[in-house]
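# Structural description and commentary
Residue-level listing of the chains:
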Amino acid sequence: MRLKDLTEEVYKCIRCGWCREKICPIREELGFESTYARGIVLTARGLLEKQLNYSSALANRMYLCLECANCMEHCPLDVDVVGIMNAMRQDLVKAGLAPEVFRQVDRHVESTKNPLGIERNEMVKWSEDLGLARKGEVLFFVGCYPSYKFPKTARATVRILRQAGIDVAYLAEEEWCCGTAQYMDGSAALAQRLMVHNLEKIEDSGAEKVVTTCAGCYTSLKHEYPKRIGELSFQVLHITELLEDLINEGKIDFKNEIKKRVTYHDPCHLGRHSGLYDEPRKILNHIPGLELVEMSRNRENTRCCGGEIVLNTVFPELGKRLPEIRVDEAANLGVKDLITSCPLCVSNLRIPARKRRIKLYDLPLLVAESMGVSGK
Ligand code: SF4
Ligand code: SF4
C-alpha cells in the first residue's frame, strides 16, 4: 500500500496529542515532534499536500519508528499509524531513499534468505540429531533467530511437543525468512516473494497447524500472509497458544518445581499486534513454585524493547538505551529472572540483562526446565 492509498486515514488524525506523553519510546528518548505518531501523521499529510518531499533526511526520521503500536493503542480515533508509516517506507524504498542498513538487510535476505546474512547450510544445524520429518499435521515454523542464534529454544520446543505427544515436522532449509522485517521496512516486493515461497512449502507439507515461537513470525503468518497473499489452508498458532491448549488437555507434566520470582515482558508483536496477553501468563502460573510479578508497563501498555538491526546500526545510542530501560524496569522489581516469548526480544534484551545479572528466558526454555526435557 502506498501513502496516497491511505489519504483518508491520514486525515482522521485530529492532532489531539493523546499519543504524546509516555506513549512513544522514541519520543521519550529524543523528544522531537516528528518522531512520534502525531508528527508522523503530520509528515504524511505534508507529503500528500506536496508541502514536503521524500528525502534522505525525512527517511532517517521515518525509520526511527519501531512500529510498536503503543500510539495506536491510545489513539481515540484508531488512526493506523503503523500502516501510514509502512506506506511512507514503501514510497521511500521505491524512491531509493531507504537508509543503507535496510538495503544491506535486503541483500542478505536475497542471498541467504535470512536477515542475518548467515549461510544457508547453518540453518538446520540445530536439528541434525533430532530426526525431524518434512511433512506432518503440525509444522514448526522455526524462524531465523531460533534457527541461527538461539538453537536451544528451537530444540526445547521440539522436545516439549514430542513429550506432549506431537511429532512436529519442519521445512528445514526450505523455510525462508517470514518477511516481517521486509514489510515493516517498506520492502513489500521482497516480503511478498518470501511469503509466497513459504506458503507454497507449508501447503506442500500437508500441515493443518503451523506453530512458531517467534512473535514476529507469528504476526507475519497469522495476519500479514492472509492480507497480502490470500487465505490460509492451515491454522497459525504461537507456541503459547498451543501450550495452553496442551496444558488444558492434561498433556504437559510440569514435574520440576522452579522456585523463582519472575516478571514477564510482553513482546509488541504478540501483545498489541496479536492480543495474546493471557496465554503466556497462564502457562507461567502453571509452573510449580513460580511467582509472577508484573512490571508497571505490561500487557497493552508494554514498553517496546527496541529493534536490534535498525537501531544498533543507524542509531546505536538509542539501540542500547531501549532494552536497558526495559531491563531496569524488571530489575527495579527485585526479580532475578525475566521471561519473554519472542527470540527477537531475547536478542534485544540479552546484553543489558547480562550486565544486571538478570537471567533471561524465552518461555519454551522455562517450560522445558519444569518438564525436565532439555533444550541442549
Ligand atoms: S494519531 Fe491519534 S492520538 Fe495521535 S494526535 Fe492523531 S488522533 Fe490524536
Ligand atoms: S509505533 Fe511505537 S515507535 Fe512508532 S510512533 Fe507509535 S509509539 Fe512511537
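Residues numbered from 1 in each chain as written. Chains lettered and ligands numbered in written order. Predicted model: local features only at pLDDT ≥ 70, side-chain atom pairs only at ≥ 80, totals over all residues. Heavy atoms only, no water.

Direction vectors running N to C along helix 14 (residues 278-286) and helix 18 (residues 363-371) enclose 25°, while the axes themselves pass 11 Å from each other. The angle between helix 14 and helix 18 falls in the class roughly parallel. For the crossing formed where helix 14 meets helix 18, the hand is left-handed. Residues Pro 280, Ile 283 and Leu 284 of helix 14 form the contact with helix 18, whose own contacting residues are Leu 363, Leu 366 and Val 367. Residue composition of the contact of helix 14 with helix 18, by class: six nonpolar, no polar and no charged. (Axes fitted to C-alpha atoms, helices over the stretch in contact; angles between N-to-C directions. Helix = DSSP H or I, 4+ residues; strand = E, 2+ residues; numbered from the N terminus. Parallel < 35°, antiparallel > 145°, perpendicular 65-115°, else oblique. Left-handed = near helix turned anticlockwise from the far one by under 90°. Contact = heavy atoms within 4.5 Å. Nonpolar A, V, L, I, M, F, W, Y, C, P; charged D, E, K, R; others polar.)

A word on the sheet that holds strand 8 (residues 359-362). Read from one edge to the other, the open sheet built from four strands follows the order 6-5-7-8, with strand pairing classed as parallel. The two strands at the open ends of the sheet, each matched to only one other strand, are strand 6 (290-293) and strand 8. Neighbour to neighbour, the strand axes of the sheet diverge by 35° on average, direction disregarded. The pairing of strand 7 (residues 337-340) with strand 8 spans four bridges and is classified as parallel. (Pairing = 2+ DSSP bridges.)

Around ligand 2, the neighbouring residues are Cys 24, Ala 37, Ile 40, Cys 65, Leu 66, Glu 67, Cys 68, Ala 69 and Cys 71. Of the residues in the shell around ligand 2, the class split is eight nonpolar, no polar and one charged. (Near = heavy atom within 4 Å.)

Okay, the domain arrangement of the protein chain next. Assigned domains within the protein chain: domain 1 (3-98), domain 2 (101-246) and domain 3 (253-371). The centre of domain 1, based on its C-alpha atoms, is set 28 Å off from the matching centre of domain 3. Residue-level contacts link 15 residues of domain 1 with 19 residues of domain 3. For the pair domain 1 and domain 3, the two sides together bury roughly 1300 Å², of which 62% comes from carbon and sulfur. (Domains from an automatic or database assignment. Buried area = accessible area lost by both parts, 1.4 Å probe.)

Glancing now at the packing of aromatic side chains. For any pair of aromatic rings, the description rests on two quantities: the centre-to-centre distance and the angle between the ring planes. By the definition in use, this model includes three aromatic pairs. Their ring planes at 45° and their centres at 4.3 Å tell us that Tyr 63 and Phe 102 sit as a pair that is tilted. One end of the pair, Tyr 63, is in the loop between helix 4 (56-62) and helix 5 (70-74); the other, Phe 102, is in helix 7 (residues 100-112), and 39 residues separate them in sequence. For Phe 102, a relative accessible area of 5% corresponds to the buried category. Ring plane angle 85° and centroid distance 5.7 Å describe the contact between Trp 126 and Tyr 170, whose orientation is recorded as edge-to-face. Highlighted residues: Trp 126 in the loop between helix 7 and strand 1 (138-140) and Tyr 170 in strand 2 (residues 169-170), separated in sequence by 44 residues. Each member of the pair, Trp 126 as well as Tyr 170, carries the same accessibility label: buried. (Phe/Tyr/Trp six-rings, centres within 6.5 Å; stacked < 30°, edge-to-face > 60°. Buried < 20%, exposed > 50% of the residue type's maximum accessible area, 1.4 Å probe, protein only.)

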